[in-house]
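What the coordinates show
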Amino acid sequence: MKQMQQEVHEYISQFKEGYFSPLSMLARMTEEVGELAREVNHSFGEKPKKKDEPENSIEYELGDILFILICFANSLQIDLQQAHDAVMHKFNTRDKDRWTKLNTD
């Protein structure tokens, strides 16, 4: 995760504009999540693509979301590995018995 954050930082650092403001990044992330929703709806929902609509993929949209998430974290000096570890600790402690586990005969 640290390597991805560094790679994104090196990319963004080559531009005068740098990172967008947190509010702008949240808006951008919301836009990207909407694009993911559209792709999921095309793939698994009842709404087929129009004939003239360009091809896109869920994978591509998830990549866009990951990029903006990393930008967001970097701009706020948040270590995503630490954030991930904290969330996994929560799931492995507080929520450890919340779901039905496989192979619990």
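Note: the structure precedes this text.
All chains use their own residue numbering, which begins from 1 and follows the written sequence. With pLDDT at 70 or above as the cut-off, local features in this predicted model cover only qualifying residues; side-chain atom pairs require 80 or more to be listed or tallied, and sums for whole chains, interfaces and linings still use all residues. Hydrogens and water are ignored here; the side-chain numbers use all heavy atoms of the structure.

Here helix 4 (residues 80-93) spans 20 Å end to end across 14 residues, near enough to the 20 Å set by a 1.5 Å rise per residue. Between the side-chain oxygen of the N-cap and the backbone nitrogen of Gln 81 there are 2.8 Å, and the N-cap of helix 4 in question is Asp 79. What counts as a helix is a DSSP run of H or I of at least four residues, what counts as a strand is a run of E of at least two, and both are numbered from the N terminus. To estimate the expected span of a helix, subtract one from its residue number and multiply by 1.5 Å. Each polar contact in these results corresponds to two N or O atoms within 3.5 Å; when the atoms are within protein, one needs to be able to donate a hydrogen and the other to accept it, and residues that are neighboring in sequence are counted only if both atoms are side-chain atoms.

Here we take up the side chain of Asp 79. Note on placement: Asp 79 falls in the loop between helix 3 (58-75) and helix 4. A distance of 3.1 Å separates a polar side-chain atom of Asp 79 from the backbone nitrogen of Gln 82. The contact partners of Asp 79, leaving out residues within four places of it in the chain, are Lys 2 and Gln 5. Any pair of residues with heavy atoms lying within 4.5 Å of one another is described as a contacting pair.

Partly exposed describes any residue whose relative accessible area lies between the buried limit of under 20% and the exposed limit of over 50%, with all areas from a 1.4 Å probe on protein chains only and scaled to the type maximum. Buried within helix 1 (residues 2-12) we find Gln 5, Val 8 and Ile 12. Summarising the axial view, the buried residues of helix 1 lie within an arc of 65 degrees, below the 170-degree limit, and thus occupy one face. Along helix 1, the residues that are exposed and aim more than 90 degrees away from the buried face are Lys 2, Gln 3 and Glu 7. Working note: the arc is built from the helix axis to C-beta atom directions.

A few words now on the nonpolar core. Definition used in this section: a nonpolar core is a set of buried Ala, Val, Leu, Ile, Met, Phe, Trp, Tyr and Cys residues joined via side-chain atoms within 4.5 Å. With 10 residues, the main nonpolar core is built from Val 8, Ile 12, Met 25, Met 29, Ile 68, Ile 70, Cys 71, Phe 72, Ala 73 and Leu 80. At the level of secondary structure, the elements contributing two or more residues to this core comprise helix 1, helix 2 (22-44) and helix 3. Top contributing element to this core by residue count: helix 3, with 5 residues. The contacts of Ile 12, once residues within four sequence positions are left out, are Gly 18, Tyr 19, Phe 67 and Cys 71.

Right, let's talk about unusual backbone geometry for a bit. The phi dihedral of Gln 77 is positive, around 55 degrees, even though this residue is not glycine. Looking at the element boundaries, Gln 77 is found in the loop between helix 3 and helix 4.

Side chains of Met 1, Met 4, Leu 66 and Leu 69 sit close together on the surface and give an oily, nonpolar patch of about 300 Å² of accessible area. Relative accessible area serves as the criterion here: at 35%, Leu 66 is assigned to the partly exposed category. Exposure above 30% relative accessible area and the lack of any salt bridge qualify a residue for a patch; like charges then connect within 9 Å, and the nonpolar side chains Val, Leu, Ile, Met, Phe, Trp and Tyr within 5 Å. Note that accessible areas follow from Shrake-Rupley with a 1.4 Å probe, and for residues the cover is restricted to the protein chains shown. Take a side-chain nitrogen of Lys or Arg and a carboxyl oxygen of Asp or Glu: if they are within 4 Å of each other, that pair is a salt bridge.

Attention now moves to the packing of aromatic side chains. Note on aromatic pairs: each is described by the distance of the centres and the angle between the planes. The aromatic pairing rule takes the rings of Phe, Tyr and Trp, using the six-membered ring of Trp, and pairs them if the centres are within 6.5 Å, calling planes under 30 degrees apart stacked, those over 60 edge-to-face and the rest tilted. Counted under the stated rule, the structure contains 2 aromatic pairs. With a centroid separation of 6.1 Å and 75 degrees between ring planes, the pair formed by Tyr 11 and Phe 67 is classed as edge-to-face. Residue Tyr 11 is found in helix 1, and its partner Phe 67 is found in helix 3; the two are separated by 56 residues along the sequence. Residue classification places Tyr 11 among the partly exposed positions, given a relative accessible area of 42%. Through a chain of ring-to-ring contacts, the aromatic side chains of Tyr 11, Phe 15 and Phe 67 assemble into a single cluster. Counting as a charge over the ring demands two things of the Lys NZ or Arg CZ atom: a distance within 6 Å of the ring centre and an angle within 35 degrees of the ring normal. For the cation-ring pair, Lys 90 lies above Phe 91, with the distance from its terminal atom to the ring centre recorded as 5.1 Å.

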